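# Close look at the chain arrangement
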Amino acid sequence: MDPLAKARARRAEYAERERQRVAKTKRAASAAANDIGELPEVADPVLKERCRLDLALFLKELFPHTTGSGPLGPPQMEAIKRFEYAVLNFARNLTALPRGYVKSTISENSLIWAKCYGHRRFPLFVGATQELADDGLRNIKTEYETNDHLLSLFPEVCYPIRKLEGKPERAKNLTYRGERLRIVWVNDSIVLPWIGESAAKGVICESYGITSPPRGKRYRLPDGSQPRPDFCVFDDPQTDESAESDTMTRKRIKFIKKGYLRMGGHGRKMSAVMNATQLEDGDLVDQMSDRKLHKDWSTVRTQMVTKMPTHLEEWWLTKYADIRHDYDDSDIEGQAKAAAKSTEFYIANWEIMNEGAEVSWPDIPLEEGEYDALQHAMNILVDEGPEVFYAECQNDPRKAVASQSVIQITDDTAKRQSGLSRGIVPDRASDVVFGIDVHDNVLYWTVAAASQSFTGGVIDYGTWPEQPNEWFTLRNARVTLRDQYPGATLEDAIQHGIEELVANLCAGPWMTSGGQSLPIGCGLVDAGHKPDEVHNALRHLGLSHVLSSKGLGITASRKPMEEYDLSEDRVFRVGPDLKRPRWYLPRDKFVDGVYRVHFDTNWAKNQLAARLTQPLSADGAWEYFGNGEFDHGHYNRHMQGERSKLHEVEGRKVDVWGPVAGYENHWFDTAVMCVIALSMCGCVLPIQKQSEPPKKPRPPRKKRQRDEDPDAGDFWITAR
């Protein structure tokens, strides 16, 4: 080899050795930079061991600025106890707490306890939205990064995380004694450091919005294990919007039941905790706390005021409120001065204003100028109104609805029982009627009987086909119309079902306790869902006293029925009063011998609710059949499936009824039809008797041909 070539070879060899040396130096420097060094010693091993199975002590000692900042009340301690049990054992616990009872903070800090001790290997934090869930996980990460008390007891967890120095990208490179820590530190996911004998090594925690449950979630760890999610925290899993929507609520419950709670696989059930506030009647929290609907969940409800003051109306809502709200708008300090006067008034009359009252959290943080926890709660009621107070503070938004509604069907309504057996007509009753609500799978029906003064009630109800279980929903009905009529199309099954059910109801027999038989005076079948099938069924039956019906939702913004053209050339009949019509039979809907009645649904629902809530001694009161021990719970829940709210437009006021999220209302609709049917039979409401002006004799009607005038039937003679 010539000298020049040898020189080039030596230079190349030197360059390669130099490159390797530099690379080795850089690797060593990088390794030194990425290695976290030795862990600090545990500051208090005894306290660490004491907290292992004592969540309440952990929350008090390690979080002095949140859960340990002041005395918690019995509700929070109960929530902590239930969280602890669900972590250490299997449970599905729902704790409904008022707004501001640090429930989210309890959830976040308790999840840190479950992870640091390795009680749970793969917990999930689920919020109402992905953003809210990520916020909760971010709070947990902040505690790991900044809480010195947590660092002192768990250096194997917190010290490596602090070495990230707020740079998540460093997580993949950090090492301890030459071994990668395998930390994951992103917005929606945490994996704790993989360190030797640490109980928390490789513990995973992820955040999800409730409507985005993952499927088949697993995580492979360095030791070859592949944990699946084993614990779920649902932190206020609904928004104000979703709480008002039956559809959105139903979807969220489906995601909980079919998504999150099934993620643990078959080897171990998914334990879960839900800390939340009920926002609306029938919302997610209300439904999940119903043991009849969700038997696998245990629920505890907490109210800010566990016992309301004895003199609430006189002293708080009148005298106190008048003082608190008596200020001059032109005075910028007017509100503050009025608030100070109201506090002075409260202190001066403390004994009488506190009489009978109890609060759940005596040490609740007070606003400036407030004297105690009761005044704090009453200020919310007085200033922000019952809708806010009963929902946000009492976990009972139904009471807020009740304060807006004149009448309200309650759980106690189911106890209004006549003492008569099923199907027995009260002796005073003059008319028996029925209403049928039509659906694809099931027909719901109610039979009612009443006297001419409308006194009576529900004497029977059920479904067609009959269901084998006492509690069911339309969606999970076990026996459907298609099952009842094998081989029939959906439309044919509905038609056959209506025909058979109407025939059965008309056949009765409907007997009084004295043995007298009463025929069906009028029957209504809702034609809103399947008008053609209803019409065909009634046409085949040929019964003039069984009509199709259509409800009209007349609100304050819509033309009242009094302004309809209800002249004799357009309608057959109008009732119950010509001056104040609430139903009518349009001539253009009379086809093939089948009548149609149109009625004001809001008026009819008001009348039904009034019948079931007025004193039993009054004319027009209704009861359910039974001897006081019959369980009408399922039926009565349907009767609570709608609530009314006052609707006012340009001085016109109407109680407008609407569905309650989470409740079905099919039997409610059938009972509403019974009210209209009884009115058509001539039963007169007590309020009508008092308010009707003297009737003027109607002018004689012109004689019509029988095929044009259906008024000739016996039913129409007796029902006028």
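Summarised in this report is the structure supplied together with it. (Residues numbered from 1 in each chain as written. Predicted model: local features only at pLDDT ≥ 70, side-chain atom pairs only at ≥ 80, totals over all residues. Heavy atoms only, no water.)

## A look at helix 16 (residues 386–393)
Here helix 16 has its buried residues at Phe-389, Tyr-390, Ala-391 and Cys-393. The first or second residue beyond helix 16 is Asn-395, which carries a positive phi of 55°. (Buried < 20%, exposed > 50% of the residue type's maximum accessible area, 1.4 Å probe, protein only. Helix = DSSP H or I, 4+ residues; strand = E, 2+ residues; numbered from the N terminus.)

## Re the nonpolar core
Judged by nonpolar contacts, the single largest core of 77 residues is most densely connected at Phe-58, Tyr-144, Phe-154, Met-378 and Phe-389. Apart from residues lying up to four places away in sequence, Phe-389 is in contact with Val-305, Met-308, Ala-377, Met-378, Ile-380, Leu-381 and Gln-394. (Core = buried A, V, L, I, M, F, W, Y, C linked by side-chain atoms within 4.5 Å. Contact = heavy atoms within 4.5 Å.)

## Considerations on the packing of helix 4 (residues 74–88) against helix 5 (residues 103–116)
Their axes nearest at 11 Å, the elements helix 4 and helix 5 cross at an angle of 35°. The handedness of the crossing between helix 4 and helix 5 is right-handed. Of the residues in helix 5, those touching helix 4 at Gln-76, Ile-80, Phe-83, Glu-84, Val-87 and Leu-88 are Ile-106, Ser-107, Ser-110, Leu-111, Trp-113 and Ala-114. Residue classes in the contact of helix 4 with helix 5 are distributed as eight nonpolar, three polar and one charged. (Axes fitted to C-alpha atoms, helices over the stretch in contact; angles between N-to-C directions. Left-handed = near helix turned anticlockwise from the far one by under 90°. Nonpolar A, V, L, I, M, F, W, Y, C, P; charged D, E, K, R; others polar.)

## Here's the deal with the pattern of salt bridges
Summed over the entire model, instances satisfying the criterion amount to 28 salt bridges. Residues Arg-162 and Asp-148 are paired through a salt bridge, measuring 2.7 Å at the closest nitrogen-oxygen approach. Here Arg-162, found in helix 8 (residues 155–162), pairs with Asp-148, found in helix 7 (residues 148–153); they are 14 residues apart in sequence, far enough to count as distant. What makes Asp-148 exposed here is its relative accessible area of 52%. A single salt-bridge network, built from bridges that share partners, covers Arg-99, Lys-103, Asp-236 and Glu-392. (Salt bridge = Lys/Arg side-chain N within 4 Å of Asp/Glu carboxyl O.)

## Considering a negative patch on the surface
A surface patch of negative charge is lined by Asp-240, Glu-241, Glu-244 and Glu-387. Looking at the negative patch element by element, the count peaks at three residues for helix 9 (residues 240–244). Position of Glu-244 among the secondary structure elements: in helix 9. In this structure Glu-244 comes out as exposed when scored by relative accessible area, which is 60%. (Patch = residues over 30% accessible without salt bridge, like charges linked within 9 Å, V, L, I, M, F, W, Y side chains within 5 Å. Areas by Shrake-Rupley, 256 points an atom, 1.4 Å probe, with all protein chains shown as cover. Lys, Arg positive; Asp, Glu negative; His and termini not counted. Charge placed at Lys NZ, Arg CZ, Asp CG, Glu CD.)

## Quick look at the sheet that holds strand 22 (residues 583–586)
As summarised here, the arrangement of the nine strands in space is 21-22-23-20-19-14-15-16-24, forming an open sheet in which the pairing is mixed. Sheet topology places strand 21 (571–575) and strand 24 (622–624) at the edges, where each strand pairs with a single neighbour. Taken pair by pair, the neighbouring strands of this sheet meet at an average axis angle of 25°, ignoring direction. Two elements, strand 14 (residues 431–438) and strand 15 (residues 443–450), share eight bridges in a ladder whose sense is antiparallel. (Pairing = 2+ DSSP bridges.)

## Regarding a positive patch on the surface
A contiguous patch of positive charge on the surface is contributed by Arg-215, Lys-251, Lys-254, Lys-258 and Arg-475. One can find Lys-251 in helix 10 (residues 246–259).

## Some words on helix 8
Counting buried positions along helix 8 yields seven of eight residues, so the element is predominantly enclosed. Buried within helix 8 are the following residues: Pro-155, Glu-156, Val-157, Cys-158, Tyr-159, Pro-160 and Ile-161. Structurally, helix 8 contributes buried residues whose contacts are with helix 2 (45–51), helix 5, helix 6 (130–146), helix 7 and strand 5 (184–186).

## Structural notes on the side chain of Ser-360
Following the sequence through the fold, Ser-360 ends up in the loop between strand 12 (358–359) and helix 15 (373–384). Here the side chain of Ser-360 touches Tyr-101 through a polar contact of 2.7 Å, side chain to side chain. Here Gln-303 takes part through its backbone oxygen, which lies 2.8 Å from a polar atom of the side chain of Ser-360. (Polar contact = N/O pair within 3.5 Å; in protein donor to acceptor, adjacent residues only side chain to side chain.)

## Regarding the pairing of strand 25 (residues 642–649)
In this sheet, strand 26 (residues 652–659) lies alongside strand 25 in antiparallel orientation, the contact comprising eight bridges. Note that in strand 26 the partner of Leu-646 across the bridge is Asp-655. Connecting the antiparallel pair strand 25 and strand 26 is a turn made up of two residues, with Glu-650 showing a positive phi of about 50°.

## Side note on a nonpolar patch on the surface
Taken together, the side chains of Ile-347, Trp-350 and Tyr-371 present a nonpolar region at the surface, about 300 Å² in accessible area. Within the secondary structure layout, Trp-350 lies in helix 14 (residues 350–354). We classify Trp-350 as partly exposed; its relative accessible area is 37%.

## Here's the deal with the packing of aromatic side chains
The full count for this structure, using the stated rule, is 29 aromatic pairs. Measuring from centroid to centroid gives 6.3 Å for Phe-58 and Phe-154, while their planes differ by 65°, and the two rings are edge-to-face. Of this pair, Phe-58 sits in helix 3 (residues 55–62) while Phe-154 sits in the loop between helix 7 and helix 8; the two residues are 96 residues apart in sequence, bridging distant segments of the chain. Counting every residue linked through ring pairs, the aromatic cluster contains Tyr-444, Tyr-461, Phe-472, Tyr-624, Phe-625, Phe-630, Tyr-635 and Trp-667. (Phe/Tyr/Trp six-rings, centres within 6.5 Å; stacked < 30°, edge-to-face > 60°.)

## Thoughts on unusual backbone geometry
Cis geometry is found at the peptide bond from Trp-464 to Pro-465, where omega equals 0°. Assignment of secondary structure puts Pro-465 in the loop between strand 16 (456–464) and helix 18 (481–484). Gly-575 connects to Pro-576 through a cis peptide bond whose omega is -5°. At Asp-236, a position not held by glycine, the phi torsion is positive, near 40°. The residue Asp-236 is located in the loop between strand 8 (231–235) and helix 9 in this model.

## Observations regarding the packing of helix 3 against helix 5
At their nearest, the axes of helix 3 and helix 5 sit 10 Å apart, and the two run at 110° to each other. When the axis of helix 3 is compared with that of helix 5, the two are roughly perpendicular. Crossing of helix 3 over helix 5 shows right-handed handedness. In this structure, helix 3 contributes Leu-55, Phe-58 and Leu-59 to the contact, and helix 5 contributes Asn-109, Ser-110, Ile-112 and Trp-113. In the contact of helix 3 with helix 5, the residues fall into five nonpolar, two polar and no charged. (Parallel < 35°, antiparallel > 145°, perpendicular 65-115°, else oblique.)

## Describing the state of the cysteines
Across all of its chains, the model carries zero disulfides by this definition. No disulfide involves Cys-506; its nearest neighbouring cysteine sulfur is the one of Cys-522, lying 9.9 Å away. Cys-681 provides the cysteine sulfur closest to Cys-683, a residue in no disulfide bond, and the two sulfurs are 6.2 Å apart. Note on Cys-683: relative accessible area 2%, which makes it buried. (Disulfide = S-S within 2.5 Å.)

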